[in-house]
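# Architecture at a glance
Below are the chains, spelled out letter by letter.
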Amino acid sequence: MTNQEIRQLFQDIRVWQQGGKRAPHKPLLLLLAISRAIQGEVTITEYSAIDSPLKSLLQKFGPSSGPASRHYPFWHLGTDFDGTLWQLDGPKEILERPPGKTPTLTELRDLNIRGGLAPKIRERLQRDIRLAAEVIGILLYTHFPATLHEDILAEVEIPARFILPPVHEFDRQEYRRDSTVRQRILKAYNYRCCICNHDLRIADRFVGLEAAHIKWVQMKGPHEIRNGLALCSTHHKMFDYGVFTIDPKAHYVLFSQNANASGPTAEKLLSYHGAPIISPQKDSHRPASAYLEWHRDEVFKKPARGV
Ligand SMILES: [Zn+2]
């Protein structure tokens, strides 16, 4: 298999994305498996060995629907590409089930079903660390916004330098459209964070001010002002994590009950809860409710604190 064919396999994993719903299970499981391969793992593993880290990853970086069906990708990756990418092993009567008849979590655990990167792929990634870095880049850039990349890598124990952005990220037209819209979003909000008013400058350069997509580009969120917010770096990261969302109609800030902090951080955090965002200069630039609804449903860590 050529390097390009391997990159393509990771690019083409089938992710269930009906109606804009996020399903980050397969990419997160693959990142976990790649990390184990880089660290020298030489066999496929029992499901029970991977259940706990996978659950934790989904709680942090998955949608609020949570880790309920977290074992699905362990099974379904084995049928994608006829087992070229992921190998399964276990009792014949389970392995011979039709692909759609997913074993239960208990069956996977009790019958010692084992799975992992197919040996050919694993060995290639172990031998060629550059290829591994490219594949990690593909999984991250295809499924998650950049604000979360380092944290996901830390969680799966891959050093942050082991990531190479995929080549298509450098598409010239896309690059121009993206950077033009980012500038227009910052201008629309008068160069300040729409939550906390942050507008720090050094000379004429803004420090820690970013244009955020409400509906992620990875989920086909468009590059347009109404899908954007000007946010300071901290609020950008918190927004992409789902620590808070913005009410799609009334545009006030709603923090998650799952977000915890103490002392001054908690005071600061909660002082924005229930407060309206700072509106853009023009009404026509206000965030569109469809994108805010997507964020509330797919990113926000429900439930919200009471207002
Ligand atoms: Zn802010």
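Residues numbered from 1 in each chain as written. Predicted model: local features only at pLDDT ≥ 70, side-chain atom pairs only at ≥ 80, totals over all residues. Heavy atoms only, no water.

Per the stated rule, a full pass over the model turns up seven aromatic pairs. Here the aromatic rings of Phe 74 and Trp 86 are separated by 5.8 Å at their centres, their planes lie at 80 degrees, and the arrangement is edge-to-face. With Phe 74 in helix H4 (residues 72-76) and Trp 86 in strand E2 (residues 86-89), this pair connects stretches of sequence that are twelve residues apart. Aromatic side chains Phe 244 and Phe 255 sit 5.4 Å apart centroid to centroid with 40 degrees between the ring planes, which places their arrangement in the tilted category. In this pair, Phe 244 is assigned in strand E8 (residues 244-246) and Phe 255 in strand E9 (residues 253-255), connecting sequence segments eleven residues apart. Phe 255 sits in the buried class, given a relative accessible area of 0%. (Phe/Tyr/Trp six-rings, centres within 6.5 Å; stacked < 30°, edge-to-face > 60°. Helix = DSSP H or I, 4+ residues; strand = E, 2+ residues; numbered from the N terminus. Buried < 20%, exposed > 50% of the residue type's maximum accessible area, 1.4 Å probe, protein only.)

All chains considered together, the criterion is met by zero disulfides. Cysteine Cys 194 remains unbridged, with the sulfur of Cys 193 as its closest cysteine sulfur at 5.5 Å. (Disulfide = S-S within 2.5 Å.)

Within the open sheet, the three strands sit side by side as E1-E3-E2. Their pairing is antiparallel. Sheet topology places strand E1 (45-46) and E2 at the edges, where each strand pairs with a single neighbour. The sheet contact formed by E1 and strand E3 (residues 114-117) spans two bridges and is antiparallel. Residue pairing in the sheet places Thr 45 in a bridge with Gly 115 of E3. (Pairing = 2+ DSSP bridges.)

From the geometry alone we can't say anything about function, so treat these as descriptive.
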